[in-house]
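Inside the fold
Chain by chain, the residues:
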Amino acid sequence: MVSITFIAGARPNFMKIAPLIHAVKKQQKEGEAISYRLIHTGQHYDEKLSETFFRQLNIPHPDANLEVGSGSHAVQTANIMIRFEEELLKNPADVVVVVGDVNSTLACSIVAKKLHKQVVHVEAGIRSFDLSMPEEINRMVTDSIADHFFTTSEFANKNLKKAGIEADRIHYVGNTMIDTLLANQDRLRKPEVADELHLEENNYFVLTLHRPANVDEGEKLAETLRAIMQNAGGKPVVFPVHPRTASILGQTGLKYDNLHFIDPLGYLEFIYLIKGSFGVITDSGGIQEETTVLQVPCLTLRDNTERPETVDIGTNVLVGTAIPDIEREVKNLVSGNRKTGRVPELWDGEASDRIIRKLIELYGEE
Ligand code: UD1
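By convention here, each chain's residues receive numbers from 1 onward along its written sequence. Totals for whole chains, interfaces and linings use all residues, but because this is a predicted model, local features are given only for residues with pLDDT of at least 70 and pairs of side-chain atoms are given and counted only at 80 or more. Values reported for side chains reflect all heavy atoms of the structure, with hydrogen atoms and water molecules removed beforehand.

1. So, the overall build of the chain
The helix and strand tally for the chain stands at 16 helices and 13 strands. We compute the radius of gyration from the C-alpha atoms alone; for a globule the expected value is 2.2 Å times N to the 0.38, where N is the number of residues. Taken against the 2.2 N^0.38 rule, which gives 21 Å for 366 residues, the C-alpha radius of gyration of the chain at 20 Å falls within 12% of a compact globule. Each of the three principal axes of the chain carries a C-alpha extent, and together these read 65 × 40 × 40 Å. The rule is simple: take the accessible area with a 1.4 Å probe, protein chains only, and divide by the maximum for that residue type; under 20% is buried, over 50% is exposed, in between is partly exposed. For the chain, buried positions account for 59% of its 366 residues. Contacts are assigned to residue pairs that have any heavy atoms within 4.5 Å of one another. The contacts in the chain between residues at least 6 apart in sequence include a share of 68% that link residues at least 24 apart. With residues, only the protein chains shown are counted as cover, and all accessible areas are computed by Shrake-Rupley using a 1.4 Å probe. As displayed, the chain offers around 15,200 Å² of accessible surface, 49% of which is attributable to carbon and sulfur atoms. In summary, the charge assignment counts Lys and Arg as positive and Asp and Glu as negative, without counting His or the chain termini. Where a charge lies is defined by one atom per residue type, namely NZ (Lys), CZ (Arg), CG (Asp) and CD (Glu). Positive and negative side-chain charges in the chain, numbering 39 and 52 respectively, have mean positions lying 1 Å apart. Numbering of helices and strands runs from the N terminus; a helix is a DSSP stretch of H or I covering at least four residues, while a strand is a stretch of E covering at least two.

Structure follows, in structure tokens:
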């Protein structure tokens, strides 16, 4: 029997965990000896950042919720470690699977490894080489102690090889987030705001910003929004606001006729909105991948990306965070310069099946 503990902590984890659990269930139906527990660390706890995703993506109710909540990085990481250690001692598993790069990923990898479990990292090896991003530290630490590495890109494979990881521990399987994207194409839901704001297909922008570098300083955030709004050609800009950004925005008192702040959307509504948009402006990691697959132009307001394939062959433009660059690229897109692209290899909806089959091969009994 292969026993797996899956870790899910924050919003971008949920769309990566969902297809993995569906793939386990498929193998169980086919008679494979594989069992799992799902642990929610409680890093994200708002209904809109967490519960909605479980419901919409048919993720089973977690077997345990560690309810760590918010805090400084040290407090949050430490609380996850303390509570996950107890959980894993009470309910041991052979393999702990962590996804992505959030604090829960880091905390649970360390705990699992110190309890001599096998640690498997899904979305391993990607790097921004920017240690001012907490996610980069989380990726580096997790990859320094993981046993097996499931990757989304050749870039990730190269980074891991360069770090001295043996080739037989690196498995290029594709992208679990894209598994979820493709599996839900027929279930997408028009959000109510689309009608309320009279959005016309292909004639509005979707904007998301939540990285500390872009939102933690009110004046910088205000300048960024000004650069976008003055060059958006009058197109409505819909901005689902992350709680972190909301608290700063409240202080800026900003207002533009065409800029619409809305609550965070569910997965099915958010993908519906970006799929029908003229373009997306973001500082998110996952959205760079989703827009590349949906063939929607994406302007990434960051100085680096850990997902360079979305720029090299996809629809993503790495704009940077300087105001003149943002102005130029928004103007450029509005004037009709739309980047087209291809979908990276193996981003085909089958990554999770590949991962679970590999785990059975690695850890199943002979
Ligand atoms: C986390 C991830 C980031 C990911 C993002 C997606 C880390 C280091 N960062 O950042 O990689 O892109 O999630 O959303 O793990 N808050 C709420 N309700 C919640 C959760 C958080 O109001 O359910 C507030 C907290 O009070 C906190 C802020 O949002 O002040 C940030 O939350 P946190 O989980 O620490 O990091 P994110 O910025 O969400």
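2. Remarks on the nonpolar core
Take the buried Ala, Val, Leu, Ile, Met, Phe, Trp, Tyr and Cys residues and link them wherever side-chain atoms come within 4.5 Å; each set so joined is a nonpolar core. Grouped together as the largest cluster of nonpolar side chains are 55 residues, with contacts concentrated most on Ile4, Phe6, Leu20, Leu38, Val97, Ile356 and Leu359. In terms of residue count, the dominant contributor to this core is helix α1 (residues 11–29) (eight residues). Note that the domain bounds were set by an automatic or database domain assignment. Mapped onto the domain boundaries, this core takes at least three residues apiece from domain 1 (2–175 + 347–363) and domain 2 (190–334).

3. Quick word on the domain arrangement of the chain
What the domain assignment lists for the chain is domain 1 (2–175 + 347–363) and domain 2 (190–334). Computed over C-alpha atoms only, the centres of domain 1 and domain 2 are separated by 27 Å. Buried area is calculated as the accessible area (1.4 Å probe) missing from two parts once they are joined, with the contributions of both summed. Broken down residue by residue, the surface that domain 1 buries against domain 2 is led by Lys48, Gln56 and Trp347, which jointly contribute 31%. The term salt bridge refers to a pairing of a side-chain nitrogen on Lys or Arg with a carboxyl oxygen on Asp or Glu at a separation within 4 Å. There are four salt bridges connecting domain 1 and domain 2. Close ionic contact of Arg211 with Glu135 constitutes a salt bridge, the shortest N to O distance being 2.8 Å. Counting only elements with at least two residues in the side of domain 1 that touches domain 2, the list comes to α1, α2 (51–56) and α5 (134–145). Just so you know the grouping, Ala, Val, Leu, Ile, Met, Phe, Trp, Tyr, Cys and Pro go in nonpolar, Asp, Glu, Lys and Arg go in charged, and all remaining residues, Gly too, go in polar. Here the residues of the side of domain 1 that touches domain 2 sort into eight nonpolar, six polar and nine charged.

4. Focus on the site of the ligand
Around the ligand sit 21 residues, and of these Gln43, His44, Tyr45, Asp46 and Glu135 come closest. Relative to its unbound accessible surface of 740 Å², the ligand loses 84% to contact with the protein. Cavity and pocket criteria rest on a 1 Å grid covering protein atoms alone: a 1.4 Å probe that fits but cannot get out defines a cavity, protein on both sides within 12 Å along at least 5 of 7 lines defines an open pocket, and an atom within 4 Å of a point defines a lining residue. What decides whether a molecule sits in a cavity or pocket is whether more than half of its atoms lie within 2 Å of the grid points. The cavity that encloses the ligand is the largest pocket. Here the element with the most residues in the shell around the ligand is α5; it accounts for three residues. Each residue belonging to the shell around the ligand can be placed in one class, and the counts come to six nonpolar, nine polar and six charged. When residues of the shell around the ligand are assigned to domains, at least three map to each of domain 1 (2–175 + 347–363) and domain 2 (190–334). Think of it this way: one heavy atom of a residue within 4 Å of a molecule or strand is enough to make that residue near it.

5. Some points on the side chain of Asn138
As for its placement among the helices and strands, Asn138 is situated in helix α5. Setting aside anything within four residues of it in sequence, one finds Asn138 in contact with Asp101, Val102, Asn103 and Leu106.

6. Overview of the environment of Asp312
In this structure, Asp312 sits in helix α14 (residues 309–312). Asp312 gets classed as exposed once you look at its relative accessible area, which sits at 61%. Taking the C-alpha atoms as reference points, Asp312 and Pro344, separated by 32 residues in sequence, lie 9.7 Å from one another.

7. Quick notes on a nonpolar patch on the surface
Each patch is assembled from residues with relative accessible area greater than 30% and no salt bridge, linking like charges that lie within 9 Å and nonpolar side chains (Val, Leu, Ile, Met, Phe, Trp, Tyr) that lie within 5 Å. A cluster of nonpolar side chains, Leu131, Ile137 and Met140, forms an exposed patch at the surface whose accessible area comes to about 250 Å². Relative to the assigned elements, Ile137 resides in helix α5. Ile137 sits in the partly exposed class, given a relative accessible area of 38%.

8. Some words on the sheet that holds strand β7 (residues 170–172)
Here the rule is simple: two strands pair whenever DSSP picks up at least two bridges between them. The strand order β3-β2-β1-β4-β5-β6-β7 describes an open sheet built from seven strands, whose pairing is parallel. Looking at strand neighbours, the two that pair on one side only are β3 (64–65) and β7, the edges of this open sheet. In this sheet, strand β4 (residues 95–99) lies alongside strand β1 (residues 2–8) in parallel orientation, the contact comprising three bridges. In the strand pairing of β4, Phe6 is matched with Val97.

9. Some remarks on the sheet that holds strand β10 (residues 259–262)
Strand order in the open sheet formed by six strands is β10-β9-β8-β11-β12-β13, and the pairing between neighbours is parallel. The open sheet is flanked by β10 and β13 (316–318), the only strands paired with a single partner. Neighbouring strand axes in the sheet, compared pairwise and without regard to direction, differ in orientation by 20° on average. Direction of pairing for strand β8 (residues 205–208) relative to strand β9 (residues 237–240): parallel, over a ladder of two bridges. Paired with Val206 across the strands is Val238, a residue of β9. All axes are obtained by fitting lines to C-alpha atoms, using only the stretch in contact for helices, and the reported angles, taken between N-to-C directions, cover 0 to 180 degrees.

10. Examining the packing of helix α10 (residues 218–229) against helix α11 (residues 243–252)
Where α10 meets α11, the axes come as close as 9 Å, and the angle between the chain directions of the two elements is 85°. Compared by their axis directions, α10 and α11 come out roughly perpendicular. For the pair α10 and α11, contact is made by Gly218, Leu221 and Leu225 and by Thr245, Ile248, Leu249 and Thr252, respectively. Split into classes, the residues belonging to the contact of α10 with α11 amount to four nonpolar, three polar and no charged. What sets the label is the angle itself: under 35 degrees gives roughly parallel, over 145 gives roughly antiparallel, 65 to 115 gives roughly perpendicular, and the rest give oblique.

11. Considerations on the packing of aromatic side chains
To describe a pair of aromatic rings, you give the distance between the ring centres and the angle between the ring planes. Between 30 and 60 degrees the pair is tilted, below 30 it is stacked and above 60 it is edge-to-face, where a pair is any two Phe, Tyr or Trp rings, Trp via its six-membered ring, whose centres lie within 6.5 Å. Tallying each qualifying case throughout the model produces six aromatic pairs. Where Phe205 meets Phe278, the ring centres are 5.5 Å apart and the plane angle is 80°; that geometry is what we call edge-to-face. You can see Phe205 sitting in strand β8 and its partner Phe278 sitting in the loop between α12 (267–275) and β11 (279–282), a full 73 residues away along the chain. Take Phe205 and Phe278: they sit in the same class, and that class is buried. Here a set of aromatic residues connected by ring pairs shows up, and it is made of Phe14, Phe53 and Phe54. Geometrically, a lysine NZ or arginine CZ counts as sitting over a ring once it is within 6 Å of the ring centre and also within 35 degrees of the ring normal. Over the ring of Phe278 we find Lys235; its NZ or CZ atom is 4.4 Å from the centre of that ring. Residue placement shows Arg338 over the ring face of Phe278; its charged tip is 4.8 Å from the ring centre.

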